[in-house]
Amino acid sequence: MQLLVRFLNFLNVVLGKISAPLYSYFAKLPRKPLPALNEPGILNSSATTLAEKIRTKELTSEQVVKAFIERCQQVNGQLNAIIEDRFEAALEDARNVDRLIRSNEKPIEQLAKEKPLLGVPVTFKECLMVKGLSYTAGAQLRKGVKATEDGDAVAALRNAGAIPIAVTNLPELCCSYETRSDIIGYTNNPYDPNLTSGGSSGGEGALVSAAGSVIGIGSDFGGSIRVPSFYCGLFGHRPTSGIVSLTGHFPNSPDETFQKTNSIGPFCRYAEDLKLALAAMAGVKEVASLNLDQKVNLSELRIYYMLDRGFKLSEISVDPDIKKVILKAVKHLRSTHECFVQKINIAEMDDALEMIMTKATQMKDVDSVLVLKDPKNESSLLSELLKLFINKASYSMELLMMRFNAKACFFWIPENKRPEYLSAANNLANRLKELLKEDGVLFYPTFASLAFYKQQSLWKMTSMAYPMIVNILGFPATHVPMGLNANGIPVGFQVIAAPNQDRLCFAVAEELQKAFGGWVPPPMSS
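About the criteria used
- Residues numbered from 1 in each chain as written.
- Predicted model: local features only at pLDDT ≥ 70, side-chain atom pairs only at ≥ 80, totals over all residues.
- Heavy atoms only, no water.
- Buried < 20%, exposed > 50% of the residue type's maximum accessible area, 1.4 Å probe, protein only.
- Helix = DSSP H or I, 4+ residues; strand = E, 2+ residues; numbered from the N terminus.
- Pairing = 2+ DSSP bridges.
- Patch = residues over 30% accessible without salt bridge, like charges linked within 9 Å, V, L, I, M, F, W, Y side chains within 5 Å.
- Areas by Shrake-Rupley, 256 points an atom, 1.4 Å probe, with all protein chains shown as cover.
- Salt bridge = Lys/Arg side-chain N within 4 Å of Asp/Glu carboxyl O.
- Core = buried A, V, L, I, M, F, W, Y, C linked by side-chain atoms within 4.5 Å.
- Contact = heavy atoms within 4.5 Å.
- Axes fitted to C-alpha atoms, helices over the stretch in contact; angles between N-to-C directions.
- Right-handed = clockwise from strand over helix to strand, strands pointing away.
- Phe/Tyr/Trp six-rings, centres within 6.5 Å; stacked < 30°, edge-to-face > 60°.
- Lys NZ or Arg CZ within 6 Å of the ring centre and 35° of its normal.
- Parallel < 35°, antiparallel > 145°, perpendicular 65-115°, else oblique.
- Left-handed = near helix turned anticlockwise from the far one by under 90°.
- Nonpolar A, V, L, I, M, F, W, Y, C, P; charged D, E, K, R; others polar.

### Concerning the pairing of strand β11 (residues 440–444)
Then, number 1: Most of β11 sits inside the fold, with 5 of its 5 residues counted as buried.
Then, number 2: As paired elements, strand β9 (residues 302–305) and β11 share 4 bridges and run parallel to each other. Paired with Tyr305 across the bridge in β11 is Phe443.
Then, number 3: As judged from the 4 bridges shared by β11 and strand β13 (residues 490–497), these two strands associate in the antiparallel manner. Within β13, the residue paired with Leu442 across the bridge is Ile496.

### What to know about a nonpolar patch on the surface
Then, number 1: Where nonpolar side chains cluster on the molecular surface, the patch consists of Leu4, Phe7, Phe10, Leu11, Phe311, Leu313 and Phe411 and spans about 750 Å² of accessible area.
Then, number 2: Sorting elements by how many residues they give to the nonpolar patch places helix α1 (residues 3–26) first, with 4 residues.
Then, number 3: A relative accessible area of 36% means that Leu11 is categorised as partly exposed.

### Section: the pattern of salt bridges
Then, number 1: All chains considered together, the criterion is met by 25 salt bridges.
Then, number 2: A salt bridge links Glu354 to Arg6; its shortest N-O distance comes to 2.9 Å. Linking Glu354 in helix α14 (residues 352–360) with Arg6 in helix α1, this pair joins segments that are 348 residues apart in sequence. The two residues Glu354 and Arg6 agree in class, both being buried.
Then, number 3: Connected via shared salt-bridge partners are Arg6, Lys312, Asp350, Asp351 and Glu354.

### Quick word on the nonpolar core
Then, number 1: Leu117, Phe443 and Ile469 are the most contacted members of the largest nonpolar core, which has 159 residues in total.
Then, number 2: For this core, the element with the highest residue contribution is helix α4 (residues 61–79), accounting for 8 residues.
Then, number 3: Apart from residues lying up to four places away in sequence, Ile469 is in contact with Met349, Ala352, Met355, Ile356, Leu428, Tyr444 and Met464.
Then, number 4: Ranked by size, the runner-up nonpolar core spans 8 residues in total, among them Tyr191, Cys232, Tyr270 and Trp519.

### Describing the sheet that holds β9
Then, number 1: Pairing in this open sheet of 11 strands is mixed, and the strands run β1-β3-β2-β6-β8-β7-β12-β13-β11-β9-β10 from one edge to the other. Each edge of the sheet is formed by a strand with only one pairing partner; in this case those strands are β1 (82–85) and β10 (340–343). The average angle at which neighbouring strand axes cross in this sheet is 25 degrees, direction not considered.
Then, number 2: Pairing analysis gives 4 bridges linking β9 to β10, with the strands arranged parallel. Residue pairing for β10: Arg302 is matched across the bridge by Phe340.
Then, number 3: Along the sheet, helix α19 (residues 502–516) makes contact with β7 (235–238), β11, β12 (477–484) and β13, crossing β12 at roughly 10 degrees.

### Examining the pairing of strand β3 (residues 163–168)
Then, number 1: In terms of residue burial, β3 counts as a mostly covered element, since 6 of its 6 residues are buried.
Then, number 2: Across 3 bridges, β1 lies against β3 in antiparallel orientation. Among the inter-strand pairings, Ile82 is bridged to a residue of β3, identified as Thr168.
Then, number 3: Sheet analysis places strand β2 (residues 121–125) next to β3, joined by 5 bridges and oriented parallel. Across the sheet, Phe124 pairs through a bridge with Val167, a residue of β3.
Then, number 4: This β-α-β element, β2 to helix α7 (residues 152–159) to β3, shows right-handed connectivity.

### Observations regarding the packing of aromatic side chains
Then, number 1: For the structure on display, the rule yields 11 aromatic pairs.
Then, number 2: Note on Tyr270 and Trp519: the rings are 6.2 Å apart at their centroids and 75 degrees apart in plane angle, and the pair reads as edge-to-face. With Tyr270 in the loop between β8 (264–268) and α11 (272–281) and Trp519 in the segment after α19, this pair connects stretches of sequence that are 249 residues apart. In this pair, the class of Tyr270 matches that of Trp519, namely buried.
Then, number 3: By the ring-pair criterion, three or more aromatic residues cluster together here, those being Tyr177, Phe230, Tyr231, Phe447 and Phe452.
Then, number 4: A cation over an aromatic ring shows up here: Arg403 above the ring of Tyr395, its NZ or CZ 5.0 Å from the ring centre.

### Things to note about the packing of α7 against α11
Then, number 1: With their axes 8 Å apart at the nearest point, α7 and α11 run at an angle of 110 degrees to one another. By the angle between their directions, the pair α7 and α11 is classed as roughly perpendicular. Classified by chirality, the crossing of α11 by α7 is right-handed. Every residue of α11 that contacts α7 at Ala153, Ala156 and Leu157 is listed here: Ala277, Ala280 and Met281.
Then, number 2: Partitioning the contact of α7 with α11 into residue classes produces 6 nonpolar, no polar and no charged.

### Some details on unusual backbone geometry
Then, number 1: With an omega of 10 degrees, the peptide bond running from Gly199 to Ser200 counts as cis.
Then, number 2: Examined against the element boundaries, Ser200 turns out to sit in the loop between β5 (185–186) and α8 (202–209).
Then, number 3: Put simply, Phe250 and Pro251 share a cis peptide bond, and its omega is 5 degrees.
Then, number 4: Examined against the element boundaries, Pro251 turns out to sit in the loop between β7 and α10 (256–261).
Then, number 5: One non-glycine residue, Ala211, lies in the positive phi region at around 70 degrees.
Then, number 6: Structurally, the position occupied by Ala211 is in the loop between α8 and β6 (215–219).
Then, number 7: For Ala211, a relative accessible area of 0% corresponds to the buried category.

What follows is the structure, encoded as structure tokens:
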């Protein structure tokens, strides 16, 4: 434990509490319902169902793609989620799919195996290369940059038959737990426009939740899929490290720590689509290592759970609504499937923040993913921070604060202490692997607080201990929505499994969806 880190976190929590009434006072946007669904039969279907109906000619791809395009056009004015679309090109792709299916060139079974997402529209976080579309990673200094080719994950989904229709908003270089870019501004939460949609894949979270997309693809370095999934009421999966190629993601680094910590994964309204999307993105070898088609016997599953990391003055307390839904899920699995259930306290989690700060800053060149200019022409960090006050900074406040924290970590955690925390992280990974094995999962908060007011993320940083510990360990985790609280705000938690046991997360997600309903639509006009 680093006393300086804990003291600074305590100050952060105190300032967050003091400033909270201000955010509430200035939150004046009305809770206007989204437009009613234009094609509910299509928009309320899973990707799995839509793909099957397209293959069997019950629906045409053009019908499906058109319905989602129209929905995007309906809701984006309220969400501000889309940076750039390819609607016309997507419709032409859909017509080509329909011509292929009408030709009967390939049997339905072969299409299902070779192109499981044939004709299904998909959206992507804008830091992923989608040929011909905006590729700024939310950075003003990259405004106008277009992707010249598809990144690996995008190409894999195209090969599986998916049709990209748009790229969505994110904070600059993916560096925030809320979504605001200098390119298009804030993305609104579909349940309440005064709240954040989460970050850094908040554009995907908002659009998928509003039924503007059936599968969204984001990236997760510290919870950037799971937190927007939490705040937008979705299923979101952070795959086992290395399963999905990061080629085509910006920023990127060959550094081993970056490659292990970052991950590309899916957002879905329906749990059954998680496996479909991951299998399409992962390579043949990687899919084989996951055994995704191996049936999970829930009665043989061991469930461990933690409601929080213990009370700490230096951290935000986990919201009671989160604890309630974890206990509801535990009770259901124990009573319905007679699962082994045990509440645990993993003492090593006490130093999670120190482990995260040490691991995340051990990259050989942290600036390679946080700086855009030529270092020779780069203003000093202090100079850029000062320029914020006169609106002349080259970077967003969120990115500059991330750079400041990355550099300050070397002061907050002395060099002689860093090996201790690196060793602690390795020990924690080994302990969790031994605990979970091939038949165990851990229920754990995704984030300490429910969706917060915009611009409050600065005061929520201690909560990174909940999602980001998964990233530095390289484990898979799925956020599972568990309905809405009394104020109509999504609640849920994450299900963590040992590496390559992603299928356990999916099995639990599907069971809890059956029991508790999964995604609950945001308010819509009748």
